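Residues per chain are reported as follows:
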Amino acid sequence: MIKRIILILSVILLFPGICLASGYVLATYGTGGDEIDGPSLGIELGGIFLSDLHPTGGAFSFGLGISVGDSDEDPPSIAKLPLGSPVTGLIDYNDGNEQEVYLSFGAEMTPALFGVAGIGYTSQKIVTIGLTDGTLYEVDDETDNNISGMLQIRYAWEGFTLGIGYHSRRGAIASLGIAF
(Lines give C-alpha, C1' and ligand atoms only; values in the text may rest on other atoms or scores of the structure.)
Protein backbone atom coordinates (compact mmCIF):
# COMPACT_ATOMS: atom_id res chain seq x y z
CA MET A 1 0.00 0.00 0.00
CA ILE A 2 2.77 2.45 0.92
CA LYS A 3 4.62 1.63 -2.33
CA ARG A 4 1.46 2.38 -4.32
CA ILE A 5 1.01 5.76 -2.59
CA ILE A 6 4.66 6.68 -3.18
CA LEU A 7 4.34 5.70 -6.87
CA ILE A 8 1.15 7.76 -7.34
CA LEU A 9 2.64 10.83 -5.60
CA SER A 10 5.86 10.52 -7.65
CA VAL A 11 3.91 10.42 -10.91
CA ILE A 12 1.77 13.41 -9.88
CA LEU A 13 4.83 15.46 -8.90
CA LEU A 14 6.98 14.45 -11.90
CA PHE A 15 4.30 14.62 -14.62
CA PRO A 16 4.10 18.45 -14.70
CA GLY A 17 7.89 18.69 -15.08
CA ILE A 18 7.95 16.23 -17.96
CA CYS A 19 5.19 18.22 -19.74
CA LEU A 20 6.93 21.60 -19.24
CA ALA A 21 4.31 22.60 -16.71
CA SER A 22 4.35 24.22 -13.30
CA GLY A 23 3.28 22.04 -10.39
CA TYR A 24 1.27 23.15 -7.40
CA VAL A 25 0.31 21.93 -3.94
CA LEU A 26 -2.77 23.41 -2.26
CA ALA A 27 -4.17 23.08 1.23
CA THR A 28 -7.95 23.50 1.29
CA TYR A 29 -10.33 24.47 4.07
CA GLY A 30 -14.13 24.27 3.99
CA THR A 31 -16.29 26.13 6.47
CA GLY A 32 -19.12 23.62 6.52
CA GLY A 33 -22.18 23.56 4.31
CA ASP A 34 -25.66 22.10 4.30
CA GLU A 35 -24.45 18.52 3.91
CA ILE A 36 -21.33 18.65 6.09
CA ASP A 37 -21.91 21.08 8.93
CA GLY A 38 -18.36 20.91 10.33
CA PRO A 39 -15.08 22.16 8.89
CA SER A 40 -13.11 20.17 6.32
CA LEU A 41 -9.43 19.99 5.41
CA GLY A 42 -7.79 18.71 2.25
CA ILE A 43 -4.79 18.72 -0.03
CA GLU A 44 -4.57 18.96 -3.81
CA LEU A 45 -1.61 18.21 -6.09
CA GLY A 46 -1.57 19.22 -9.73
CA GLY A 47 -0.03 21.03 -12.63
CA ILE A 48 -0.52 24.26 -14.57
CA PHE A 49 0.13 23.28 -18.17
CA LEU A 50 1.39 25.50 -21.00
CA SER A 51 2.30 28.13 -18.42
CA ASP A 52 5.92 28.50 -19.59
CA LEU A 53 4.97 28.18 -23.24
CA HIS A 54 2.13 30.72 -23.19
CA PRO A 55 3.04 33.56 -20.80
CA THR A 56 0.19 35.75 -22.10
CA GLY A 57 -2.54 33.23 -21.30
CA GLY A 58 -3.99 30.04 -22.60
CA ALA A 59 -2.85 27.87 -19.69
CA PHE A 60 -4.97 25.18 -18.06
CA SER A 61 -4.65 23.25 -14.82
CA PHE A 62 -5.39 19.72 -13.68
CA GLY A 63 -5.33 18.48 -10.09
CA LEU A 64 -6.05 15.49 -7.90
CA GLY A 65 -7.13 16.02 -4.31
CA ILE A 66 -8.43 14.46 -1.13
CA SER A 67 -10.37 16.03 1.72
CA VAL A 68 -11.93 15.02 5.02
CA GLY A 69 -15.10 16.66 6.35
CA ASP A 70 -15.71 16.71 10.10
CA SER A 71 -19.20 15.28 10.40
CA ASP A 72 -18.80 12.69 13.17
CA GLU A 73 -21.89 12.73 15.37
CA ASP A 74 -20.56 10.09 17.83
CA PRO A 75 -23.39 7.56 17.75
CA PRO A 76 -23.84 5.63 21.00
CA SER A 77 -22.03 2.29 21.21
CA ILE A 78 -24.89 -0.17 21.60
CA ALA A 79 -25.87 -3.73 20.69
CA LYS A 80 -27.29 -4.80 17.32
CA LEU A 81 -31.06 -5.17 17.05
CA PRO A 82 -32.35 -8.72 17.72
CA LEU A 83 -34.04 -10.25 14.67
CA GLY A 84 -37.77 -9.73 14.38
CA SER A 85 -38.01 -6.97 16.97
CA PRO A 86 -40.35 -4.02 16.24
CA VAL A 87 -38.52 -0.69 16.03
CA THR A 88 -39.70 2.88 16.59
CA GLY A 89 -38.00 6.28 16.59
CA LEU A 90 -35.28 5.72 13.99
CA ILE A 91 -32.37 8.21 14.08
CA ASP A 92 -29.45 8.33 11.60
CA TYR A 93 -25.95 9.26 12.82
CA ASN A 94 -22.88 10.13 10.76
CA ASP A 95 -20.24 7.75 12.12
CA GLY A 96 -16.76 9.09 11.43
CA ASN A 97 -15.63 11.73 8.96
CA GLU A 98 -16.68 12.02 5.33
CA GLN A 99 -13.80 11.31 2.94
CA GLU A 100 -13.57 12.69 -0.59
CA VAL A 101 -11.38 12.10 -3.64
CA TYR A 102 -11.73 14.63 -6.46
CA LEU A 103 -10.37 15.87 -9.78
CA SER A 104 -10.15 19.57 -10.60
CA PHE A 105 -9.86 21.25 -13.99
CA GLY A 106 -9.04 24.91 -14.50
CA ALA A 107 -8.74 27.35 -17.38
CA GLU A 108 -6.87 30.64 -17.29
CA MET A 109 -9.37 33.49 -17.74
CA THR A 110 -6.80 36.30 -17.54
CA PRO A 111 -3.06 35.95 -16.88
CA ALA A 112 -2.64 34.10 -13.55
CA LEU A 113 -6.42 34.00 -12.77
CA PHE A 114 -8.06 30.59 -13.18
CA GLY A 115 -11.65 29.43 -13.17
CA VAL A 116 -11.66 25.93 -11.67
CA ALA A 117 -14.34 23.22 -11.62
CA GLY A 118 -14.08 19.91 -9.84
CA ILE A 119 -15.94 16.66 -9.45
CA GLY A 120 -15.49 14.19 -6.62
CA TYR A 121 -16.70 11.08 -4.86
CA THR A 122 -17.49 11.08 -1.13
CA SER A 123 -18.21 8.28 1.30
CA GLN A 124 -19.20 8.04 4.95
CA LYS A 125 -20.60 5.41 7.32
CA ILE A 126 -24.18 6.03 8.52
CA VAL A 127 -25.50 4.23 11.63
CA THR A 128 -29.25 3.96 12.27
CA ILE A 129 -30.37 3.73 15.92
CA GLY A 130 -33.88 2.63 16.94
CA LEU A 131 -35.92 2.09 20.09
CA THR A 132 -37.35 -1.33 21.00
CA ASP A 133 -39.13 -1.98 24.31
CA GLY A 134 -37.49 1.10 25.86
CA THR A 135 -33.95 0.07 24.84
CA LEU A 136 -31.77 1.61 22.12
CA TYR A 137 -30.35 -0.74 19.48
CA GLU A 138 -28.26 -0.33 16.35
CA VAL A 139 -30.71 -1.14 13.56
CA ASP A 140 -28.47 -0.73 10.51
CA ASP A 141 -25.14 0.60 9.29
CA GLU A 142 -24.35 1.46 5.70
CA THR A 143 -22.01 3.57 3.64
CA ASP A 144 -23.42 6.77 2.18
CA ASN A 145 -21.80 7.61 -1.19
CA ASN A 146 -22.26 10.91 -3.02
CA ILE A 147 -20.99 12.79 -6.05
CA SER A 148 -19.66 16.25 -5.18
CA GLY A 149 -18.97 19.35 -7.24
CA MET A 150 -16.79 22.43 -6.78
CA LEU A 151 -16.43 25.86 -8.43
CA GLN A 152 -13.50 28.07 -7.51
CA ILE A 153 -11.49 31.10 -8.63
CA ARG A 154 -7.71 30.73 -8.16
CA TYR A 155 -4.87 33.15 -8.53
CA ALA A 156 -1.37 31.75 -9.24
CA TRP A 157 1.51 34.20 -9.06
CA GLU A 158 5.29 33.64 -8.64
CA GLY A 159 5.19 30.50 -6.54
CA PHE A 160 2.01 31.40 -4.67
CA THR A 161 -1.54 30.11 -5.25
CA LEU A 162 -4.71 31.36 -3.58
CA GLY A 163 -8.34 30.40 -4.20
CA ILE A 164 -11.90 30.84 -2.98
CA GLY A 165 -15.08 29.09 -4.05
CA TYR A 166 -18.02 26.84 -3.27
CA HIS A 167 -18.23 23.06 -2.74
CA SER A 168 -21.57 21.23 -2.99
CA ARG A 169 -21.03 19.32 0.29
CA ARG A 170 -18.46 21.41 2.16
CA GLY A 171 -19.89 24.90 1.60
CA ALA A 172 -17.54 27.87 1.16
CA ILE A 173 -13.95 26.75 0.56
CA ALA A 174 -10.60 28.51 0.53
CA SER A 175 -7.25 27.24 -0.71
CA LEU A 176 -3.69 28.36 -0.20
CA GLY A 177 -0.56 26.80 -1.64
CA ILE A 178 2.67 26.96 -3.56
CA ALA A 179 3.41 26.63 -7.26
CA PHE A 180 6.77 25.35 -8.46
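Up top is the structure these notes are about.
First, a word on what this report is: a plain description of the structure on this page.

**A few points about the side chain of Thr 161**
No. 1: Assignment of secondary structure puts Thr 161 in strand E7 (residues 160–167).
No. 2: What makes Thr 161 buried here is its relative accessible area of 4%.
No. 3: Filtering out sequence-adjacent residues up to four positions away, Thr 161 remains in contact with Tyr 24, Leu 26, Tyr 155, Ala 156, Ser 175, Leu 176, Gly 177, Ile 178 and Ala 179.

**Let's talk about the pattern of salt bridges**
No. 1: Scanning the model with the defined rule gives eight salt bridges in all.
No. 2: Between Asp 95 and Lys 125 there is a salt bridge, with its nearest N and O atoms 3.7 Å apart. Remark: Lys 125 occurs in strand E5 (residues 113–132) and Asp 95 occurs in strand E4 (residues 88–110); sequence separation between them is 30 residues.
No. 3: The class of Asp 95 is partly exposed, set by a relative accessible area of 26%.
No. 4: One salt bridge connects Glu 98 with Arg 170, and the closest N-O pair in it is separated by 2.6 Å. Of this pair, Glu 98 sits in strand E4 while Arg 170 sits in the loop between E7 and strand E8 (171–179), and the two are 72 residues apart along the sequence.
No. 5: Here the residues in one salt-bridge network are Lys 80, Asp 95, Lys 125, Glu 138 and Asp 141, joined through shared partners.

**A word on the environment of Gly 32**
No. 1: Locating Gly 32 in the fold gives a position in the loop between strand E1 (22–30) and strand E2 (40–49).
No. 2: On the accessibility criterion, Gly 32 (23% relative accessible area) is partly exposed.
No. 3: Expressed as a C-alpha distance, the spacing of Gly 32 and Arg 169, which sit 137 residues apart in the sequence, is 7.8 Å.
No. 4: Beyond its immediate chain neighbours, meaning those up to four positions away, Gly 32 contacts Asp 37, Gly 38, Arg 170 and Gly 171.

**A closer look at the pairing of E5**
The two faces of the sheet receive side chains in turn, since in a regular strand these alternate between them.
No. 1: Where E4 meets E5, 17 bridges bridge the pair, whose relative direction is antiparallel. Bridging from a neighbouring strand, Asp 95 pairs with Lys 125 of E5.
No. 2: Linking two consecutive strands that pair antiparallel, namely E4 and E5, is a turn of two residues; a positive phi of about 75° is found at Ala 112 within it.
No. 3: Pairing of E5 with strand E6 (residues 135–157), which is carried by 20 bridges, proceeds in the antiparallel orientation. Pairing of Gln 124 across the sheet is with Asp 144, part of E6.
No. 4: Between E5 and E6, which pair antiparallel in sequence order, lie two residues; one of them, Asp 133, sits at a positive phi of approximately 50°.

**A short note on the nonpolar core**
No. 1: Membership of the largest hydrophobic core is limited to eleven residues, which are Tyr 24, Leu 26, Ile 48, Ala 59, Tyr 102, Phe 114, Val 116, Met 150, Ala 156, Ile 173 and Ala 179.
No. 2: Listed by contribution, the elements that provide at least two residues to this core are E1, E5, E6 and E8.

**Thoughts on the environment of Gly 163**
No. 1: Within the secondary structure, Gly 163 is located in strand E7.
No. 2: On the basis of relative accessible area, Gly 163 is assigned to the buried category, the value being 6%.
No. 3: When the C-alpha positions of Gly 163 and Gln 152 are compared, they lie 6.6 Å apart, and in sequence the two are eleven residues distant.
No. 4: Excluding anything up to four places from it in sequence, Gly 163 contacts Gln 152, Ile 153, Arg 154, Ile 173, Ala 174 and Ser 175.

**Focus on the pairing of strand E3 (residues 60–69)**
No. 1: Side chains Ser 61, Gly 63, Gly 65, Ser 67 and Gly 69 of E3 all project onto a buried face; the interleaved residues Phe 60, Phe 62, Leu 64, Ile 66 and Val 68 project onto a face where none is buried.
No. 2: Relative to E3, E2 is paired through ten bridges, and the arrangement is antiparallel. When the bridges of E3 are listed, Gly 46 appears paired with Gly 63.

**Quick look at the side chain of Thr 122**
No. 1: Residue position: Thr 122 is located in strand E5.
No. 2: Given the relative accessible area of 0%, Thr 122 is considered buried.
No. 3: The residues contacting Thr 122, other than those within four sequence positions of it, are Glu 98, Gln 99, Glu 100, Asp 144, Asn 145, Asn 146, Ser 148 and Arg 169.

Analysis parameters
- Residues numbered from 1 in each chain as written.
- Predicted model: local features only at pLDDT ≥ 70, side-chain atom pairs only at ≥ 80, totals over all residues.
- Heavy atoms only, no water.
- Helix = DSSP H or I, 4+ residues; strand = E, 2+ residues; numbered from the N terminus.
- Buried < 20%, exposed > 50% of the residue type's maximum accessible area, 1.4 Å probe, protein only.
- Contact = heavy atoms within 4.5 Å.
- Salt bridge = Lys/Arg side-chain N within 4 Å of Asp/Glu carboxyl O.
- Pairing = 2+ DSSP bridges.
- Core = buried A, V, L, I, M, F, W, Y, C linked by side-chain atoms within 4.5 Å.

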